[in-house]
Amino acid sequence: MSKISYYTKEGLDKLKEELNELKTKGRSDIARQIAEARDKGDLSENAEYDAAKDAQGHLEAKIAQLEGVVGNARVIDESTIDTSKVSILSKVKIQNSKNGASFTYTLVAEEEADLKTGKISVESPIGKGLLGKKEGEKAKIKTPGGEIEFEVLEIGL
């Protein structure tokens, strides 16, 4: 049984678009590569054919994985999000208690995470540590670099 993941409408649409791209263009590209390699002769010693078949296996595995994710995805209605505590899709401003640095992150599903745009996964150490916290609360979070204490300054959408 796969776990249910929650997405923004845009995030789920992006996953569906990627899945469709892999099923159509990706599969046709691989089929073309296999046909070209097959035309080159003896398949028992044809490295191009083996590589194309490997690529086909990887593509089909990726398609199967994405189909599972999309099949278990749920879109979150932003109007139902409780902003009194940190949850998925919350925009959270936190401050490092030790050095005073502050950051603003939006908590999203793992597949939507993108640190450059300020989106972190609810599955990440910081995401897990912040879930359920309220404004003014402190969260001690174990990171690869050691334990860090953050204070939740603001919660919004």
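Before any of the text, the structure's been laid out above.
Throughout what follows, the structure given in this document is the object of discussion. (Residues numbered from 1 in each chain as written. Predicted model: local features only at pLDDT ≥ 70, side-chain atom pairs only at ≥ 80, totals over all residues. Heavy atoms only, no water.)

Within the chain, the secondary structure is distributed over three helices and seven strands. For 157 residues, the compact-globule formula gives about 15 Å, and the C-alpha radius of gyration of the chain, at 22 Å, lies well above that figure. Principal-axis analysis of the C-alpha atoms places the extent of the chain at approximately 70 × 35 × 30 Å. Classification of the 157 residues of the chain by burial places 32% in the buried group. Contacts in the chain between residues at least 24 apart in sequence constitute 51% of all its contacts with a sequence separation of at least 6. For the chain, the exposed area adds up to about 9,900 Å²; of that, 49% sits on carbon and sulfur atoms. (Helix = DSSP H or I, 4+ residues; strand = E, 2+ residues; numbered from the N terminus. Rg over C-alpha atoms; globule rule 2.2 N^0.38 Å. Buried < 20%, exposed > 50% of the residue type's maximum accessible area, 1.4 Å probe, protein only. Contact = heavy atoms within 4.5 Å. Areas by Shrake-Rupley, 256 points an atom, 1.4 Å probe, with all protein chains shown as cover.)

Further remarks concern the pairing of strand S3 (residues 91-96). Judged by which residues are buried, S3 turns out to be one-sided: Val-92, Ile-94 and Asn-96 face inward and are buried, whereas Lys-91, Lys-93 and Gln-95, on the alternate face, are not. Here five bridges tie S3 to strand S4 (residues 102-108), and the two strands are oriented antiparallel to one another. Note on S4: the bridge partner recorded for Lys-93 is Thr-104. The antiparallel pairing of S3 with S4 creates a hairpin that spans five residues between the two strands, and Gly-100 there sits at a positive phi of about 80°. (Pairing = 2+ DSSP bridges.)

Attention shifts here to helix H1 (residues 9-38). A rise of 1.5 Å per residue sets the reference length of H1, with its 30 residues, at 44 Å; its end C-alpha atoms lie 42 Å apart and thus fit the reference within 8%. The sharpest bend along H1 comes to roughly 30°, located at Leu-22. Looking only at H1, the buried set comprises Gly-11, Leu-12, Leu-15, Leu-19, Leu-22, Gly-26, Ile-30, Ile-34 and Ala-37. In the core, the buried residues of H1 are packed alongside strand S1 (5-7), helix H2 (47-71) and strand S2 (73-75). (Expected span 1.5 Å × (residues − 1). Bend = angle between axes of the 7 residues up to and from the residue.)

Moving on, we get to unusual backbone geometry. Despite not being glycine, Leu-89 shows a phi value in the positive range, around 75°. The topology assignment puts Leu-89 in the loop between S2 and S3. Given the relative accessible area of 8%, Leu-89 is considered buried.

Let us look at the sheet that holds S3. Strand order in the open sheet formed by five strands is S5-S4-S3-S7-S6, with mixed pairing between adjacent strands. Two strands close off the open sheet at either side, each with one partner strand: strand S5 (119-121) and strand S6 (138-143). Sheet twist, expressed as the average angle between the axes of neighbouring strands with direction ignored, equals 45°. The pairing of S4 with S5 spans three bridges and is classified as parallel. Paired with Leu-107 across the bridge in S5 is Ile-120. (Axes fitted to C-alpha atoms, helices over the stretch in contact; angles between N-to-C directions.)

What follows covers the side chain of Ser-121. As for its position among the elements, Ser-121 is in strand S5. A polar atom in the side chain of Ser-121 sits 2.8 Å from the backbone nitrogen of Glu-123. Ignoring any residue separated from it by four or fewer positions in sequence, one finds Ser-121 in contact with Val-108, Ala-109, Glu-110, Ala-113 and Gly-127. (Polar contact = N/O pair within 3.5 Å; in protein donor to acceptor, adjacent residues only side chain to side chain.)

Moving on to the environment of Lys-3. Tracing the backbone through its elements, the reader meets Lys-3 in the segment before S1. Judged by its relative accessible area of 53%, Lys-3 falls in the exposed class. Beyond its immediate chain neighbours, meaning those up to four positions away, Lys-3 contacts Asn-72 and Glu-123.

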